Amino acid sequence: MDKFFLFFKTKKNISILLICGILAFLGWKVFNDWETVATFTWNFGFFDLLIFLIILPLPFIIDVAAWHLITRASGEKISFSKNFEIWMFSNFARYLPGGIWQYPSRVILLSKMGVSRTSAVKSLVMESRFVIFVGLLIVLLVFTSGSLN
């Protein structure tokens, strides 16, 4: 029985178990909905796929770059790779029930890097202001372009 619990004490084994669980769920879902999958009309274009693969990661890259600039502006000397890691791991927490866990987890991950909690919360507030400002710019652009007609 001790060997069973020892398996769950390493991060690598937990990660493998989590990935296997996700793949099993996806496989089960496809199996149960096979009629829908089999009758779906697939349209595959190489150009569309290429555009999709180029555009898909852009919001994440912009978010991570903005987070890095915000923490740098707060006076924290954290490398881009560490900021990338902090942002990505904390962003996975948004899928936990409640939907707000990305923010406390970001504060916790920053505090493990030696950043004070006050500075981490200030960075989160600055990030929220940035997101609201960019969102308002996009709304303004859509309204002025006449795309809603």
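Residues numbered from 1 in each chain as written. Predicted model: local features only at pLDDT ≥ 70, side-chain atom pairs only at ≥ 80, totals over all residues. Heavy atoms only, no water.

(A) Expanded view of the overall build of the protein chain. Across its full length, the protein chain carries eight helices and zero strands. Order of helices (α) and strands (β) in the protein chain, N terminus to C terminus: α-α-α-α-α-α-α-α. In the protein chain, buried positions account for 17% of the 149 residues. Partitioning the intrachain contacts of the protein chain with sequence separation of at least 6 by distance along the chain shows that 40% fall at a separation of at least 24. As displayed, the protein chain has an accessible area near 12,100 Å², and 74% of this comes from carbon and sulfur atoms. (Helix = DSSP H or I, 4+ residues; strand = E, 2+ residues; numbered from the N terminus. Buried < 20%, exposed > 50% of the residue type's maximum accessible area, 1.4 Å probe, protein only. Contact = heavy atoms within 4.5 Å. Areas by Shrake-Rupley, 256 points an atom, 1.4 Å probe, with all protein chains shown as cover.)

(B) Just the layout of surface pockets, in detail. Taken as a whole, the second largest pocket encloses approximately 340 Å³ of empty space. Every residue lining the second largest pocket is counted, 18 residues in all, and those nearest its centre are Pro59, Asp63, Trp87, Glu127 and Val131. Sorting the residues of the lining of the second largest pocket by element identifies helix H5 (58-73), helix H6 (80-92), helix H7 (102-112) and helix H8 (117-145) as the ones contributing at least two each. The element that contributes the greatest number of residues to the lining of the second largest pocket is H5, accounting for seven residues. (1 Å grid on protein atoms, 1.4 Å probe; cavity = no way out; pocket = protein on both sides within 12 Å on 5 of 7 lines; lining within 4 Å. Points joined across faces, edges and corners; volume = space filled by probe spheres on them.)

(C) Fine view of the nonpolar core. Formed by Val64, Trp67, Ile78, Ile86, Trp87, Val107, Leu110, Val115, Ala120 and Leu124, the largest nonpolar core amounts to ten residues. Among the elements of the structure, H5, H6, H7 and H8 are those that each provide at least two residues to this core. Non-local contacts of Val107, meaning those with residues more than four positions away in its chain, are made with Arg117, Ala120, Val121 and Leu124. (Core = buried A, V, L, I, M, F, W, Y, C linked by side-chain atoms within 4.5 Å.)

(D) A look at the pattern of salt bridges. A complete count under the given rule lists three salt bridges for this structure. Across the pair Glu85 and Lys82 runs a salt bridge, and its minimum N-O distance is 3.6 Å. Note that Glu85 and Lys82 are positioned in helix H6 at a spacing of three residues, about one turn of the helix. In this structure Lys82 comes out as partly exposed when scored by relative accessible area, which is 33%. Across the pair Glu127 and Arg106 runs a salt bridge whose closest N-O atoms are separated by 2.5 Å. (Salt bridge = Lys/Arg side-chain N within 4 Å of Asp/Glu carboxyl O.)

(E) Broad picture of the side chain of Thr71. Positionally, Thr71 belongs in helix H5. In terms of polar contacts, Thr71 uses its side chain to reach the side chain of Asn83, at 2.9 Å. Beyond its immediate sequence surroundings of up to four residues, Thr71 is in contact with Glu76, Asn83 and Ser123. (Polar contact = N/O pair within 3.5 Å; in protein donor to acceptor, adjacent residues only side chain to side chain.)

(F) Spotlight on the packing of H5 against H8. Closest axis-to-axis distance for the H5/H8 pair is 9 Å, and the angle between their directions is 135°. What the angle tells us is that H5 and H8 run oblique. Regarding H5 and H8, the two cross each other, and that crossing is right-handed. Touching Ala66, Trp67, Ile70, Thr71 and Ala73 of H5 are Ser123, Leu124, Met126, Glu127 and Phe130, all from H8. Among the residues making up the contact of H5 with H8, the classes are represented as seven nonpolar, two polar and one charged. (Axes fitted to C-alpha atoms, helices over the stretch in contact; angles between N-to-C directions. Parallel < 35°, antiparallel > 145°, perpendicular 65-115°, else oblique. Left-handed = near helix turned anticlockwise from the far one by under 90°. Nonpolar A, V, L, I, M, F, W, Y, C, P; charged D, E, K, R; others polar.)

(G) Representation of the packing of aromatic side chains within the structure. Inspection of the entire model under this criterion finds two aromatic pairs. Pairing Phe25 with Trp28 gives two aromatic rings, centres 5.9 Å apart and planes at 40°, and the pair type is tilted. Of the two residues, Phe25 and Trp28 are both situated in helix H2 (residues 11-32); the distance of three residues between them amounts to about one turn of the helix. Judged by relative accessible area, which is 48%, Phe25 ranks as partly exposed. Where Phe60 meets Trp87, the ring centres are 6.3 Å apart and the plane angle is 70°; that geometry is what we call edge-to-face. (Phe/Tyr/Trp six-rings, centres within 6.5 Å; stacked < 30°, edge-to-face > 60°.)

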